Amino acid sequence: MLGGGQLGRMFTLAARTMGYKVMVLDPDAASPAGQMADVHLQADYTDLAALKKLGESCAAVTTEFENVPAASLNELARHCRVAPGAEAVAIVQDRSHEKSWLAGNGFATAPFALVNSEADLAAALTVTGTPALLKVARLGYDGKGQARVGSLDEARAAYQEFGSQPCVLEGFVRLEREVSVVLARDDAGQCALFPLAENRHDNGILDVTIVPARVSGSLAQQACDTARAVADKLGYVGVMAVEFFIAGGQLMINEIAPRPHNSGHYTLDACVTDQFEQQVRALCGLPLGDPRLLSPVAMVNILGDRWHDGGPHWDTLLAHTNIKLHLYGKQAARPGRKMGHFNVLDTDVESALQLAERMRNAL
Ligand code: AMP
């Protein structure tokens, strides 16, 4: 596993449960996945000696975040199986490439323009209109590296604030809902799609996921078909997520993640197979597991913001026998940092959501 965050941790747990041994490469001595691994290689993702060791020790390597340099995946591929491949990761790790690839393949997105210099901003604004969002092309996540701008002057100021690095300017969409599809695709091109998830964000960070999503059957089907078409076009092998906006009753793709996704954490307790077991299965060439939903569910992210006076009140949460808590073993709680999540399983999604919100506030 390249990367030692919570996604790598949950993959590691799934893999070890299934009898595999796991080596994690991550520079952080206290990484959530490193704590769970058979071997933690503490090194940078570009450390050639460490990559060689990883590739020679492992039968197969995957990744848990998109910012692994594609060159590192190529290096690893000289030694062992690597999935997803470097080409797919290279497309989605850069917003400019991702947006251009989506538009070039006929997938609907919010109106956007690439910004490679300050001089591009005026023309870009005529494409997007105002308000617009300026987003850095690389390494932005959870709403970081994004600024809402209402004029050319504001766009210039935001661009300079980001150090004049390549950006994408996007039209600000009036969102009716946000939804996502997490899927797995195997070597033979077979896909297993988890049910459509409805997502609510707070300050650009995922707050709550609700499944089944409260959208029409035809829109849900369209989202699933689109996600599958994206995976097919990328020739993708592994688990990936496609995030959508719904505006004016239409779907637009916001982002693709070449890995399991926060909005798929509900699968840990609510599906026959969870997204991390599915990642193990796809990586190891096993048949993909059944993605069927067993219960309506609401997932809530637990952020570091909740740690101010001695930590959250877990007893309140654990008093409920239909709530499942997952903590990531992170040592320092910082505002906005994802420390864990919980899943509420209930007879219907409205009851699950109600209890989820009550518990989020009680923490
Ligand atoms: P991102 O990191 O690009 O996925 O953005 C994080 C969140 O910000 C999204 O899930 C949306 O809630 C919001 N957002 C991002 N882009 C737009 C947009 N073009 N219009 C409206 N809201 C957006």
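Details of the structure are given in the entry above.
Definitions and limits used
Residues numbered from 1 in each chain as written. Predicted model: local features only at pLDDT ≥ 70, side-chain atom pairs only at ≥ 80, totals over all residues. Heavy atoms only, no water. Helix = DSSP H or I, 4+ residues; strand = E, 2+ residues; numbered from the N terminus. Buried < 20%, exposed > 50% of the residue type's maximum accessible area, 1.4 Å probe, protein only. Contact = heavy atoms within 4.5 Å. Expected span 1.5 Å × (residues − 1). Polar contact = N/O pair within 3.5 Å; in protein donor to acceptor, adjacent residues only side chain to side chain. Salt bridge = Lys/Arg side-chain N within 4 Å of Asp/Glu carboxyl O.

**Some words on the environment of Phe-107**
Phase 1 of the analysis: Along the chain, Phe-107 falls in the loop between helix H5 (95-104) and strand E5 (112-115).
Phase 2 of the analysis: You can call Phe-107 buried: its relative accessible area is 13%.
Phase 3 of the analysis: In the structure, Phe-107 is positioned 145 residues away from Met-252 in sequence and 7.6 Å away in space, judged by C-alpha atoms.
Phase 4 of the analysis: Other than its neighbours up to four places away in sequence, Phe-107 contacts Trp-101, Leu-102, Thr-226, Ala-229, Val-230, Lys-233 and Ile-253.

**Some thoughts on helix H12 (residues 349-362)**
Phase 1 of the analysis: The first and last C-alpha atoms of H12 sit 20 Å apart over 14 residues, in line with the 20 Å expected at 1.5 Å per residue.
Phase 2 of the analysis: Among the residues of H12, those classed as buried are Val-349, Ala-352, Leu-353, Leu-355, Ala-356, Met-359 and Arg-360.
Phase 3 of the analysis: Looking at the buried positions of H12, the neighbouring elements they touch are strand E11 (197-202), strand E12 (205-211), strand E15 (297-303), helix H11 (314-318), strand E16 (323-327) and strand E17 (338-345).
Phase 4 of the analysis: At the N-terminal end of H12, a side-chain oxygen is found 3.2 Å from the backbone nitrogen of Glu-350, two or three residues along, and the residue is Asp-348.

**Some details on the pattern of salt bridges**
Phase 1 of the analysis: Summed over the entire model, instances satisfying the criterion amount to 19 salt bridges.
Phase 2 of the analysis: The salt bridge partner of Glu-75 is Arg-78, with a shortest N-O separation of 3.0 Å.
Phase 3 of the analysis: Residue Lys-135 is joined to Glu-170 by a salt bridge in which the shortest nitrogen-to-oxygen separation is 3.1 Å. Residue Lys-135 is found in strand E6 (residues 132-136), and its partner Glu-170 is found in strand E8 (residues 167-171); the two are separated by 35 residues along the sequence. Glu-170 shares its class with Lys-135; the two are buried.

**Looking at the environment of Ala-90**
Phase 1 of the analysis: Residue position: Ala-90 is located in helix H4 (residues 86-92).
Phase 2 of the analysis: With 50 residues separating them in the primary sequence, Ala-90 and Gly-140 have C-alpha atoms 15 Å apart.
Phase 3 of the analysis: Sequence-distant contacts of Ala-90, that is, excluding residues within four places in its chain, are made with Ala-70 and His-97.

None of this, on its own, says anything about what the molecule does.
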